[in-house]
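Descriptive analysis of the structure
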Amino acid sequence: KFVNDNVEAHPYFYHLVVSSFRALFTNIISHYPNYQNYTLNCVGSVGWQDKAILTNVAQEFGMKMGKVIQYPIQGLIDYYTR
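These notes cover the structure that comes with them. (Residues numbered from 1 in each chain as written. Predicted model: local features only at pLDDT ≥ 70, side-chain atom pairs only at ≥ 80, totals over all residues. Heavy atoms only, no water.)

Some details on the overall build of the chain
The condition that has to hold: Going along the chain from the N terminus, every DSSP run of H or I of four or more residues is numbered as a helix, and every run of E of two or more is numbered as a strand. Using a 1.4 Å probe on the protein chains alone, a residue whose accessible area is under 20% of its type maximum counts as buried, one over 50% counts as exposed, and one in between counts as partly exposed. The contact rule is simple, with two residues in contact once any of their heavy atoms fall within 4.5 Å. Calculation of accessible area relied on Shrake-Rupley with a 1.4 Å probe; when residues are assessed, cover is drawn exclusively from the protein chains displayed.
When helices and strands are counted, the chain shows 5 helices and 2 strands. In the chain, the succession of helices and strands from N to C terminus is α-α-β-α-α-β-α. Seen along its three principal axes, the alpha-carbon backbone of the chain occupies a region of about 45 × 30 × 15 Å. When burial is assessed residue by residue, the chain has 29% of its 82 residues classed as buried. For the chain, the share of sequence-separated contacts (at least 6 apart) that also reach a separation of at least 24 residues comes to 67%. As displayed, the chain offers around 6100 Å² of accessible surface, 57% of which is attributable to carbon and sulfur atoms.

Okay, structure coming up:
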């Protein structure tokens, strides 16, 4: 929460978030075969609050962003109310 509250106020926090998302892609996502052919969807407060940064990093790695929702219950409600 502290980092996210200050991500725009100080460059250190912005770069911390960017480097963390890059590490996610470098260490995990990019190891999946043909990962660039998939859409990245995200559930949770970190992705929700830093959606713009996550979108930029995903584009750096050649991925398209899909849905980003804050709470898992949102997706369940959408699924069961169709």
